[in-house]
Every structure is written in structure tokens, then in C-alpha cells.
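Given next are the chains, with one letter for each unit.
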Amino acid sequence: MQQPPPPDTSFPQPPNRRQWLQGLGALGLAANFGTTAHAQTLAMAPWPVSEQLFGLGVASGEPDASSVVLWTRLLPSSHAPLLRPQTVHWELAHDAQFHQIVRQGEAMATPDGGHSVHVLAQGLEAERWYYYRFHCQGQTSATGRTRTAPAAGAAVAQLRLVYASCQRWEHGYYAAWRHAREDDPDLVVFLGDYIYEYASPKSPAKQKRSQLARLQPLAYPVSLQDYRDRYALHKSDPDLQAMHAHCPWLVTWDDHEVEDNYVGDYGVGKVQAFAAKRLAAYQAFYENMPLRASIAYKQAGLAMPAAGTPLYRQQSWGALAELWVLDARQYRDLQACRAPMGKSPASVKAADCADLASDRRSFLGWSQERWLAGQLAGNSAAKPESRRWSVICQQTLFAERAFPSGRTSADTWDGYPAARQRLLRAIGQAQLRNTVLLGGDIHQNYVCRIHDPEAAKPEQVLASEFCGTSISAHSGTTQARVDAIVAHNPHVLLARCDERGYGLCDISPKLWTTQLRVVNQPQYADSAAHTLARFVVEDQVAGPQWA
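If you're wondering where the values come from, they're calculated on a predicted model, not measured in any experiment.

A.B. asks: Quick question: what am I supposed to make of the sheet that holds strand E22 (residues 492–496) here?
C.D. replies: Strands pair in a sheet through their backbones, by hydrogen bonds, and they do so in one of two ways: parallel or antiparallel. Spatial ordering of the open sheet is given by E14-E15-E17-E19-E21-E20-E22, a layout of seven strands whose pairing is mixed. Every interior strand has two partners, whereas the edge strands, strand E14 (313–317) and E22, have only one. The mean angle between the axes of side-by-side strands here comes to 20 degrees, regardless of whether they run parallel or antiparallel. Looking at chain direction, strand E15 (residues 321–325) and strand E17 (residues 389–393) are connected through five bridges and run parallel. In the strand pairing of E17, valine 325 is matched with cysteine 393.

A.B. asks: What should I look at first to understand the packing of aromatic side chains in this one?
C.D. replies: How two aromatic rings sit relative to each other is given by the distance of their centres and the angle of their planes. Scanning the entire structure with this criterion turns up 24 aromatic pairs. Relative to tryptophan 512, the ring of tryptophan 389 lies with its centre 5.6 Å away and its plane at 55 degrees, an arrangement referred to as tilted. Of this pair, tryptophan 389 sits in strand E17 while tryptophan 512 sits in strand E24 (residues 511–519); the two residues are 123 residues apart in sequence, bridging distant segments of the chain. Judged by relative accessible area, which is 0%, tryptophan 389 ranks as buried. The exposure class assigned to tryptophan 512 is buried, which follows from its relative accessible area of 0%. Through a chain of ring-to-ring contacts, three or more aromatic side chains come together here, namely Trp177, Phe190, Tyr194, Tyr231 and Trp249. One Lys or Arg, arginine 133, reaches over the ring of phenylalanine 98 and ends 4.0 Å from the middle of that ring.

A.B. asks: Which parts of the structure should I look at to understand the state of the cysteines?
C.D. replies: What we call a disulfide is simply a covalent bond connecting the sulfur atoms of a pair of cysteines. As enumerated under the stated definition, the model contains one disulfide in all. In this model, cysteine 337 is linked to cysteine 353 through a disulfide, with the two sulfur atoms separated by 2.0 Å. Note on the cysteine 337 and cysteine 353 pair: the S-S dihedral is about 115 degrees, so by sign convention the disulfide is right-handed. With cysteine 337 in the loop between E15 and strand E16 (347–348) and cysteine 353 in the loop between E16 and helix H8 (366–378), this pair connects stretches of sequence that are 16 residues apart. Given the relative accessible area of 43%, cysteine 337 is considered partly exposed. The closest cysteine sulfur to the non-disulfide-bonded cysteine 467 is located on cysteine 448, 7.6 Å from its own sulfur. Relative accessible area serves as the criterion here: at 1%, cysteine 467 is assigned to the buried category.

A.B. asks: Please explain the layout of surface pockets as it appears in this structure.
C.D. replies: Empty space within the largest pocket amounts to approximately 860 Å³. As for the largest pocket, its lining consists of 32 residues, of which Ala346, Ile442, Gln444, Ser475 and Gly476 are closest to the centre. Looking at which element gives the most residues to the lining of the largest pocket, the answer is helix H10 (residues 479–487), with three residues. Taken together, the residues of the lining of the largest pocket sort by class into 10 nonpolar, 14 polar and eight charged.

A.B. asks: How should I be thinking about the packing of helix H2 (residues 175–182) against helix H5 (residues 238–246) in this particular structure?
C.D. replies: For any two helices packed against each other, one specifies the inter-axial angle together with the distance between the axes. For the pair H2 and H5, interaxial distance at closest approach is 8 Å and the crossing angle is 30 degrees. Judged on the interaxial angle alone, H5 and H2 are roughly parallel. Crossing geometry of H2 relative to H5 is assigned as left-handed. Residues Ala175, Trp177, Arg178, Ala180 and Arg181 of H2 form the contact with H5, whose own contacting residues are Asp239, Leu240, Ala242, Met243 and His246. Considered class by class, the residues forming the contact of H2 with H5 number six nonpolar, one polar and three charged.

A.B. asks: Would you take a moment to explain empty space enclosed by the protein for this structure?
C.D. replies: Any empty space left between atoms is shown by rolling a water-sized probe over those atoms. Tallied over the entire structure, the rule returns two cavities of 30 Å³ or more. Approximately 30 Å³ is the volume found for the second largest cavity. Around the second largest cavity sit Leu56, Val58, Ala59, Trp71, Lys235, Gln241 and His244, which together line it. Among the elements of the structure, strand E2 (58–61) and H5 are those that each provide at least two residues to the lining of the second largest cavity. The class makeup of the residues in the lining of the second largest cavity is four nonpolar, two polar and one charged.

A.B. asks: Please clarify how the nonpolar core should be interpreted in this entry.
C.D. replies: Generally speaking, soluble globular proteins have nonpolar side chains that are buried together. Of all hydrophobic cores here, the largest spans 42 residues; its most connected members are Val162, Trp177, Tyr194, Trp249, Phe285 and Tyr502. Within the residue set of this core, elements represented by two or more residues are strand E10 (159–164), H2, strand E11 (187–190), helix H4 (224–235), H5, strand E13 (249–251), helix H6 (271–288) and strand E23 (501–507). Of all the elements, H6 adds the most residues to this core, at seven residues. One finds Phe363, Trp413, Ala419 and Leu424 within the second-largest nonpolar core, a separate group that totals 34 residues.

A.B. asks: Looking at this model, I keep getting lost on unusual backbone geometry. Mind explaining?
C.D. replies: The bulk of non-glycine residues show a negative phi, and the bulk of peptide bonds are trans. Residue tryptophan 47 is joined to proline 48 through a cis peptide bond whose omega torsion reads 0 degrees. Along the chain, proline 48 falls in the loop between strand E1 (43–44) and E2. Backbone geometry places cysteine 337, a non-glycine residue, at a positive phi of 60 degrees. One non-glycine residue, glutamine 540, lies in positive phi territory at about 65 degrees. In this fold, glutamine 540 is placed in the loop between strand E25 (529–538) and strand E26 (545–546). Judged by relative accessible area, glutamine 540 falls into the exposed class, the value being 56%.

A.B. asks: I keep staring at the pattern of salt bridges and nothing clicks. Help me out?
C.D. replies: In a structure, side chains of opposite charge can pair up when their charged atoms sit close to one another. In this structure the tally under the stated criterion is 27 salt bridges. Linking arginine 133 and glutamate 91 is a salt bridge whose minimum nitrogen-to-oxygen distance equals 2.6 Å. Residue arginine 133 is located in strand E7 (residues 129–136), and its partner glutamate 91 is located in strand E4 (residues 86–93); the two are separated by 42 residues in the primary sequence. Taking the relative accessible area as the measure of exposure, arginine 133 reaches 10% and is therefore buried.

A.B. asks: Sorry, what's going on with the side chain of histidine 234 here?
C.D. replies: Checked against the element boundaries, histidine 234 lands in helix H4. Setting aside residues up to four positions removed in sequence, histidine 234 forms contacts with Gln167, Trp169, Tyr174, Tyr194, Ile195, Tyr196 and Leu240.

Thresholds applied
- Residues numbered from 1 in each chain as written.
- Predicted model: local features only at pLDDT ≥ 70, side-chain atom pairs only at ≥ 80, totals over all residues.
- Heavy atoms only, no water.
- Pairing = 2+ DSSP bridges.
- Helix = DSSP H or I, 4+ residues; strand = E, 2+ residues; numbered from the N terminus.
- Axes fitted to C-alpha atoms, helices over the stretch in contact; angles between N-to-C directions.
- Phe/Tyr/Trp six-rings, centres within 6.5 Å; stacked < 30°, edge-to-face > 60°.
- Buried < 20%, exposed > 50% of the residue type's maximum accessible area, 1.4 Å probe, protein only.
- Lys NZ or Arg CZ within 6 Å of the ring centre and 35° of its normal.
- Disulfide = S-S within 2.5 Å.
- 1 Å grid on protein atoms, 1.4 Å probe; cavity = no way out; pocket = protein on both sides within 12 Å on 5 of 7 lines; lining within 4 Å.
- Points joined across faces, edges and corners; volume = space filled by probe spheres on them.
- Nonpolar A, V, L, I, M, F, W, Y, C, P; charged D, E, K, R; others polar.
- Parallel < 35°, antiparallel > 145°, perpendicular 65-115°, else oblique.
- Left-handed = near helix turned anticlockwise from the far one by under 90°.
- Contact = heavy atoms within 4.5 Å.
- Core = buried A, V, L, I, M, F, W, Y, C linked by side-chain atoms within 4.5 Å.
- Salt bridge = Lys/Arg side-chain N within 4 Å of Asp/Glu carboxyl O.

Here it is in C-alpha cells:
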């Protein structure tokens with residue numbers, strides 16, 4: 001395997017912290033921020049976030065053995081309003097100085113596409129690192145680093161991936177991304193809640209009660225431009241930009257890319273108004289993520305993928321791993337005992353909610369359920385071409401949680417027990433060599449052994465689960481409450497709500513190692529980080545073990 005090249009320092013890079021502070025000063029906001037990371041007064045995000053054409057950085061994603069998606073988005077400004085489509089030149093090279101350019105071309109950034117650019121760089125060598133950049137109107141983007149996947153069936157010694165989710169702007173800085181970048185992964189798997197739709201509270205008293213780390217000026221989003229602005233806000237963070245520029249990502253969404261706890265066609269308020277808002281949110285997501293689907297719809301002359309287009313997909317990594325990236329929002333049935341235009345209950349009591357046990361409700365949607373079951377069966381250990389590790393990348397906690405109160409969480413897999421049982425049955429019937437589930441959403445670290453209660457031997461461990469905490473979003477609970485839950489759930493090896501961070505996985509043919517990486521002070525951009533815990537999963541030995 002080719003060794004990854006070092007990050008480039010010869011070309012424009014995402015703004016560092018000092019440059020970002022200088023930008024605040026140019027907008028008259030530095031006085032509210034202070035000159036150190038430990039200032040007491042909350043900083044308001046500058047708006048617009050940048051006057052630079054490539055102020056949102058670059059990204060890459062969805063690599064296969066011969067191609068990878070490259071992304072950027074042009075930012076209109078007072079001196080470059082971008083009223084017409086812009087031609088953007090792109091380059092992909094073996095070296096950081098672009099002396100050995102292997103692919104180049106042009107792409108259009110149009111106003112109706114949010115000035116986003118999606119390029120599928122093709123005809124590449126398998127399992128190789130590359131550099132890329134964009135040019136437009138005399139400006140050059142930051143240099144990104146990306147890679148291709150190993151060839152199908154190729155022997156792979158190791159895959160290092162980061163899994164992460166939930167990066168609410170106001171709740172903390174993105175120091176977690178800085179440390180994740182230093183960990184030098186091959187791939188980032190982002191499991192949802194890339195943006196949050198909330199507005200910052202206006203009153204200092206409420207800001208203090210909410211324990212915010214910084215503020216932003218945007219109102220609650222409704223229109224396409226509102227959602228585009230949300231992505232611009234989040235992508236303006238220098239640590240997030242640097243992580244995107246460091247390696248390719250696999251991304252999916254959860255609820256906050258649209259609205260808290262929405263599912264399928266159901267949100268809060270009038271159906272027609274929610275449908276329009278969801279359409280706008282979906283388009284902004286496709287514009288701002290390095291997705292193959294975004295390339296396909298642009299080639300077809302569409303503003304976004306057709307309604308119902310699957311976001312769920314499969315990603316191979318040689319003979320080592322097969323990853324399935326799922327969509328647990330677009331096709332999901334309504335939460336149990338939720339009124340169609342009302343808010344979802346946080347939890348329900350089974351005795352008062354007959355809908356909870358209904359086998360007619362799906363968490364993934366019926367088509368996705370069937371697709372996933374077929375995919376799992378196709379990777380059965382009995383097949384010579386099967387991959388060593390089967391990795392299900394989905395949004396939330398999969399393991400059952402018995403609460404001391406007797407209530408059941410409505411928006412996680414607990415709220416869809418029949419759907420969870422169908423997936424457990426599919427995993428068992430597929431007879432996979434090793435199964436690992438990755439999740440996010442709940443802003444807590446959970447490490448669990450997964451059992452099938454309907455199996456002939458229900459005590460036997462079927463799979464391993466690592467459900468990650470948030471990059472920055474608060475957990476909304478206390479460790480005492482979490483400890484009480486653990487006491488009722490012996491299959492939970494670890495549950496922690498106090499820390500923000502990400503998961504770091506080193507995957508080899510014989511061993512899976514997960515480090516729970518957490519930041520010491522998420523309210524500060526320069527926070528240090530440490531490893532909270534380390535677990536291993538041995539080849540053909542289901543279930544995580546403390547390391």
C-alpha cells in the first residue's frame with residue numbers, strides 16, 4: 001500500500017485560528033471575542049463568513065478503486081456577486097506542488113446549484129493518495145488530499161477510520177476535528193446532524209443557561225437560502241475545513257439537517273409547509289456534500305435528485321471491509337403514538353401505546369430494509385469473495401435500552417422494536433464473519449454487545465456496537481441517569497454522556513480496535529484531547545472487549 005503523503009503547505013490552506021480572529025476584527029467583532037481561546041464573552045460568528053471565493057474550503061468523498069468525488073462551493077460576495085454560472089478549473093495530482101497532474105478539467109458552478117461544484121475524478125490508481133485543488137476568477141482553493149479505495153478483493157493490512165456526528169455550532173468549538181486530523185485516518189464516516197437548525201438565543205441570561213460556547217446570527221431556516229447559509233456557517237470553521245481537506249468522507253444525514261425528529265413526510269406543522277422546507281433542506285444537503293448522487297442529478301440537468309432517491313449505499317474496502325451507509329430518516333414510519341403534525345414524544349409507555357409493538361412500522365423503510373438484508377446475505381462468510389468485516393453505518397443507538405422508569409425512547413431503534421428484530425434476524429441469517437454497527441445521534445458514547453432475543457441461543461453475542469458521542473452538541477442528560485440505565489442493561493459495556501469527541505477505529509484482518517477520543521474542554525477551540533477508553537473486537541469473536 002502506498003504511504004499517505006504529508007499535508008501540503010505550499011498552497012492556500014483553510015484559515016487557521018489567528019486568521020479567523022483577524023476576520024472577526026475586520027467585521028468589528030473581535031472585541032467580543034478576546035485575544036485568547038479562553039475569552040469569557042461569547043463570539044458571534046462573522047456574516048458573511050468569508051469574502052474569499054473558496055472560503056468554504058474543499059472536500060472529497062465516496063472513493064472507489066478508480067474514482068473519487070471532489071467538492072467545493074463558491075461564495076458570492078459584494079465584489080463578486082456570482083450572478084451568472086462560473087467556470088471552475090480543477091486539478092488532481094500525485095504531488096502537493098502539482099508538478100505531476102494526472103487529471104484536470106472544468107466544471108460549472110451555477111446559482112441554481114448554490115454555486116457548488118461536484119467532480120468525479122476517474123481513471124485513478126487503486127489504493128493511492130492524491131492532491132486536488134480548484135481555480136476560478138484568479139483565485140485558488142485550499143489544497144485537498146484524498147485517496148482511492150483498494151481494488152475489489154485486494155488484501156488490505158489496515159483501514160483507519162473516524163466516525164462522528166452532531167456538530168451543533170453554538171455548543172462548542174470543533175477541536176475534535178483538529179485531533180481527528182492529527183490521527184490521520186483514511187476515511188471519515190459522518191453519521192448525521194452536520195448542521196443544526198436552531199437560532200442562537202438573544203438574551204445573555206438564556207445564553208448562559210444554555211451553556212453556549214459561541215453564537216451565530218442566523219434565524220430558524222425555512223427556505224433553500226436559509227439552509228445554504230447554515231452549511232456556510234458550519235463549513236466556515238477552520239478545523240472542520242481542515243478535516244475535509246485531509247481525507248475522503250462518507251456522509252449521511254439525520255434529523256437536524258431538516259428539523260428535529262422529523263421522519264419521512266412528517267414534521268411539525270402543516271404538511272404542505274413542511275414538504276417545501278424538507279425539499280429545500282434536501283437540496284442544500286446534496287449541494288454541500290461530496291456525493292456521487294449530486295453528480296448524477298447535475299448531469300441530468302436537475303436541481304436535486306428526484307424525490308425518494310436513495311441516499312443509502314454500499315462501500316467496499318478491498319477484502320477487508322464492506323460498509324453500508326444507511327438513511328434512517330427519509331423513509332421511516334411515524335414515531336409511535338405521534339400525531340401526524342405534532343412533535344414526537346421523547347418516550348412512551350408500552351402499556352399506553354399499542355403502536356409501539358406494531359410490526360407494520362419500519363425504521364429504515366421497507367425498500368431499504370430489503371436492500372440491506374440482501375446486501376448482508378451477499379457478504380456471508382461462506383462466500384469466498386466475502387469481506388472480513390461487515391460494518392453497518394447508521395444514525396443512532398441500535399442496542400436496546402431498558403430505562404428504570406419503564407418508558408421507551410420513541411426516536412431510536414427502541415421505538416421500532418419489530419424493525420430492529422427484522423434486522424437482527426437478517427444479520428443472523430446472513431452468517432457474517434464479523435458484524436459491527438456504528439451510530440451517533442444521542443450525544444453519548446455507548447459500547448454494546450448485540451444479542452438476538454429470538455435466537456436459539458439468545459445469550460450468544462451476535463454483533464458489536466460503537467455509538468459515538470457528538471463533536472460538540474450537549475447530551476441533555478446527566479451521568480447519574482446514564483449509570484442508572486447501564487445498571488438495567490448488562491449488554492452495555494460503557495455509557496458516557498459528559499464528553500464530546502469521535503471514534504477512531506483501526507481495522508485489520510484479525511482485529512478491530514476502537515478508541516473513544518474525547519476533548520478536554522469543548523468550549524475552547526484549542527482544547528487538548530485524550531482517549532476515554534479502548535476496545536477490541538477479535539476476528540470471529542463477536543462482541544467488544546475492553547483493551
